[in-house]
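Summary of the model geometry
This is what each chain is made of:
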Amino acid sequence: PNRFPGDPGTRDYFYIKLIELLRNLGQRDQALALAEQAVASARAAFGARDPQTIFARANRALLLHQSGRSRDAVPELEECAAIVRTDPASYRGTSGHVFSNLGSALLALDRIDDAERAFREFLHLPDPELRPPHQIAAGRESLAAIAGYRGRYAEAIELLRAALVI
């Protein structure tokens, strides 16, 4: 798409870049405030169910989780996952982000069974383009940790071996 100042897609793109930079600099409060603006902007420009809005919401939820507020992140991610499940292919670029973030936030809350389901759901999305390689590797790593925790060591080894060949 063309990127010019009046394009809401461009604005959202730069929101994401600035949020990532602030987060990487350790300025999570500023990043979270900007993420709130990004969600409002995407919702106003594209609607509540648009992939750009879902991505912005999942990004905000990731920041909440990374700030120790996983209890606040999970309901947001569960809502996003419910929307994405209706048609994962229409949420290309968003689906993996939603399910991998949901699994991570659920792990932080010791909801191991739910986290495992979220990671497995991500790994079984119908279209390979919905699962970027780095997220596949991270999902397999998380599932390997869960399998190891449960004493399923052979499964853990296979998941980690599979993560190496992506």
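The coordinates are above.
The paragraphs below set out a description of the structure included in this document. Everything numeric in this text was worked out from a predicted model, so none of it was measured.

Each value, and the rule that gives it
- Residues numbered from 1 in each chain as written.
- Predicted model: local features only at pLDDT ≥ 70, side-chain atom pairs only at ≥ 80, totals over all residues.
- Heavy atoms only, no water.
- Helix = DSSP H or I, 4+ residues; strand = E, 2+ residues; numbered from the N terminus.
- Rg over C-alpha atoms; globule rule 2.2 N^0.38 Å.
- Buried < 20%, exposed > 50% of the residue type's maximum accessible area, 1.4 Å probe, protein only.
- Areas by Shrake-Rupley, 256 points an atom, 1.4 Å probe, with all protein chains shown as cover.
- Lys, Arg positive; Asp, Glu negative; His and termini not counted.
- Charge placed at Lys NZ, Arg CZ, Asp CG, Glu CD.
- Phe/Tyr/Trp six-rings, centres within 6.5 Å; stacked < 30°, edge-to-face > 60°.
- Expected span 1.5 Å × (residues − 1).
- Contact = heavy atoms within 4.5 Å.
- Polar contact = N/O pair within 3.5 Å; in protein donor to acceptor, adjacent residues only side chain to side chain.

1. Remarks on the overall build of the chain
From N to C terminus, the chain includes eight helices and zero strands. The N-to-C order of helical and strand elements in the chain reads α-α-α-α-α-α-α-α. For a compact globule of 166 residues, the expected C-alpha radius of gyration is about 15 Å, and the chain comes in at 16 Å, within 12% of that figure. Projected onto its principal axes, the C-alpha coordinates of the chain cover approximately 55 × 30 × 25 Å. When the 166 residues of the chain are sorted by exposure, 44% land in the buried category. Accessible surface computed for the chain: about 8,700 Å², of which carbon and sulfur atoms make up 54%. Treating the 21 positive side-chain charges of the chain as one cloud and the 21 negative ones as another, the clouds have centres 1 Å apart.

2. Some thoughts on the packing of aromatic side chains
In the structure shown here, the tally under the stated rule is one aromatic pair. Centre to centre, the rings of Tyr13 and Phe14 are 5.0 Å apart; their planes meet at 80 degrees, and the pair counts as edge-to-face. On the basis of relative accessible area, Tyr13 is assigned to the partly exposed category, the value being 33%.

3. With respect to unusual backbone geometry
A positive phi angle is found at Asp110, which is not glycine, with a value near 60 degrees. With respect to the helices, strands and loops of the structure, Asp110 is situated in the loop between helix H5 (95-108) and helix H6 (112-123). Take Asp110: its relative accessible area is 62%, and that puts it in the exposed class.

4. Side note on helix H1 (residues 8-24)
The terminal C-alpha atoms of H1 lie 24 Å apart, and with 17 residues this matches the ideal 24 Å at 1.5 Å per residue to within 8%. Taken residue by residue, H1 has Gly9, Thr10, Asp12, Tyr15, Ile19, Leu22 and Arg23 as its buried positions. Check the buried side of H1 and you find it contacts helix H2 (28-46) and helix H3 (51-66). Downstream of H1 by one or two residues, Gly26 has phi in the positive range, about 85 degrees.

5. What about the side chain of Arg60?
Mapped onto the secondary structure, Arg60 falls in helix H3. Look at Arg60 and you get buried, because its relative accessible area is 10%. Of note is the side chain of Arg60, whose polar atom sits 2.6 Å from the side chain of Glu76. Not counting chain neighbours up to four residues away, the residues in contact with Arg60 comprise Leu32, Ala35, Glu36, Val39 and Glu76.

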